[in-house]
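# Reading the structure
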Amino acid sequence: MTKIWAIFRKDLLIELRTKDTLNSMLFFGVVVLVIFNFSLESLRESIRPAVPGILWVAFAFSGTLGLNRMFAAEKENGCLQGLLMVPVDRGTIYFGKMLAATVFMFISEIVIFVFTLVFFNLTVWGEIPYLALVFLIGTLGFTAVGTLLSAIAVNTKLREVLLPLILFPVILPILVNAVEATNIILNTTEYRSLRLPVSIMSVFTIVFGTISFLLFEYVLED
Amino acid sequence: MIEVRGLAKYFGRFSALRGLDLSVGAGEFIALFGRNGAGKTTLLRIVAGLSHPSSGQVEIHPDRAVVPRYLRGCIGYLSHNTSLYMDLTAIENLRFYAQLMDLPVDDDVLMRRISQVGLSGREREPVRNYSRGMQQRLAIARAFLHDPDILLLDEPFTGLDQAGSAFLKNYLLSAHSRGKTCMMAIHDAALGYEMADRLVVIDKGAAALDVPKQSVSLAEFQEKFMSLTAD
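By convention here, each chain's residues receive numbers from 1 onward along its written sequence. Starting at A for chains and at 1 for ligands, labels are handed out in the order in which the entities are written. Owing to the predicted nature of the model, reporting of local features is limited to residues with pLDDT of at least 70; listing and counting of side-chain atom pairs is limited to 80 or more, with chain, interface and lining totals taken over all residues.

### Some remarks on the interface of chain A and chain B
Just so we agree on the cut-off: Contact criterion: two residues are in contact if their C-beta atoms, reconstructed from the backbone, are within 7 Å. Helical segments are the DSSP runs of H or I of at least four residues, strand segments are the runs of E of at least two, and each set is numbered from the N terminus.
Contacts between chain A and chain B engage 22 residues on the former and 25 residues on the latter. Going through the elements one at a time, α1 (2–18) and α4 (79–85) of chain A are the ones with two or more residues in the side of chain A that touches chain B. Broken down by element, the side of chain A that touches chain B gets its largest block of residues, 8 residues, from α1 of chain A.

So this is what it looks like as structure tokens:
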């Protein structure tokens, strides 16, 4: 646990100094919102049903940008090589990087969400705890798979193109159910029907998190 | 201490190593020579556990039953890649690696390590501000932070100025005199000859020459090396 924390803390410290990852994630996420805001101008009065989809598109795009940076920074100066030489399980590296990716993505989601409320003129105070739960589980599912695929993509020449191509088909169940769950929270009062999408997202996160943890050792080898 | 048997490594159709055999005793200093692409780096990376062989075996401490993960704890690997985080300071880099290696994270000890490599007074500066030579000095402190038994060195003098080279040379000779086992890939035949006990020339993925230093003079070795690696 100390080692997972050390890896997370190191990523956080570097991010606090450079602000490379978070700035680009936030900027891209907000740009996506702006584009939707203008393109759906005519639906302004009845925009609420479209908001869950818009939100998760912005989350997924900005999250992919963050994942792309996750291992690219480790490649600089052969830092990944240094990390692989220390006597720790590769799984520890996986969890450390996944924790950092989750925190960065969650921070960017909060900011993007606030901009969504402003752009689309929404009031959601009562729904915030439910939304936070869905955002958290969705983000964990996204980063559980994304951390593994980012490690695969970083060793290829086309890493920035490759990551979304391999990531989105795999995380489709997470995105579909996250949109569904967000829609239930924002557009209905039937919170009991949240169980199904939230359960699917949780099972997906656990199953794919375990698979990614087990496979991580092999993707770092050459 | 290190037994390499029938080691082969293929990258697609290209074979970097072809059935290489090498036995390294505890406390030996081996210099690996060979032209670019001969397989020196591949050999060192496989011994370090950074790459898996296509066939063949590497055994480290064959007499001890240890989990491969813990074997990494007795190896220090230094290459021209410094493995340092540029946006962290020297002390933060060492603190990070010390935490991962289960070493006591004591800033005084880490400061001493930094001062041993000649960087005292610059501990709290981001590595990005360091010159190439200073980065390589810090990389030495990082690679050998856990006082490993085996030092794997892949062209460690690359990019170092005269003072940096002299420092690294003394550092490695002192480590060797304390019983550390060293395997060093190097292009400078004279420097490699001066530092090592045993000279190994790798050509086309196999050991083309493996002689103790006492058995050849530098001039003889250079002549043999040239003839072996000439096209």
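Once you've had a look at it, read on.
### Re the packing of helix α3 (residues 51–75) of chain A against helix α7 (residues 159–187) of chain A
All names here are of chain A. Applied cut-off: With axes taken as lines fitted to C-alpha atoms, and helix axes fitted only over the stretch in contact, angles between N-to-C directions fall between 0 and 180 degrees. Crossings are sorted by hand: turned counterclockwise from the far helix by less than a right angle, the near helix makes the crossing left-handed, and turned clockwise it makes it right-handed.
It is at 9 Å that the axes of α3 and α7 come closest, and there the two elements cross at 150 degrees. The two elements α3 and α7 meet at a crossing, and its hand is right-handed. Contact residues: Val51, Pro52, Gly53, Leu55, Trp56, Ala60, Thr64, Leu67 and Asn68 in α3; Arg159, Glu160, Leu163, Pro164, Leu167, Leu175, Ala178, Val179, Thr182, Asn183 and Leu186 in α7.

### Details of the sheet that holds strand β1 (residues 2–11) of chain B
Hydrogen bonding along the main chain pairs the strands of a sheet, whether they run parallel or antiparallel. Residues and elements named next belong to chain B. To keep it simple, the criterion reads: One bridge is not enough; two strands pair if DSSP finds at least two bridges between them.
Reading across from one edge, β2-β1-β4 is the order of the 3 strands in this open sheet, with antiparallel pairing throughout. Looking along the sheet, the strands with just one partner apiece sit at the ends: β2 (14–24) and β4 (55–60). Sheet twist, expressed as the average angle between the axes of neighbouring strands with direction ignored, equals 20 degrees. As defined by bridge partners, β1 adjoins β4 across 5 bridges and the pair is classed as antiparallel. If you follow Arg5 over to β4, its bridge partner there is Gln57.

### What about α1 of chain A?
Short version of the rule: Expected span of a helix, by definition, is 1.5 Å for each gap between consecutive residues, and there is one gap fewer than residues. Put plainly, a residue is buried at 20 or more neighbouring C-beta atoms within 10 Å of its own, exposed at 12 or fewer, and partly exposed in between, counting only other residues' C-beta atoms, which are placed from the backbone. The arc in question is the one traced by the directions running from the helix axis out to the C-beta atoms.
The end-to-end C-alpha distance of α1 of chain A is 24 Å, a good match for the 24 Å that 17 residues give at a rise of 1.5 Å each. Turning to α1 of chain A, its buried residues number three or more, namely Ala6, Ile7, Lys10, Asp11 and Glu15 of chain A. Down the axis of α1 of chain A, the buried side of the element spans an arc of 165 degrees, and every buried residue falls inside it. In this structure, α1 of chain A carries Thr2 and Leu16 of chain A as exposed residues pointing more than 90 degrees from its buried face. Considering only its buried residues, α1 of chain A is in contact with α2 (20–39) and α5 (90–119) of chain A together with α3 (90–100) of chain B.

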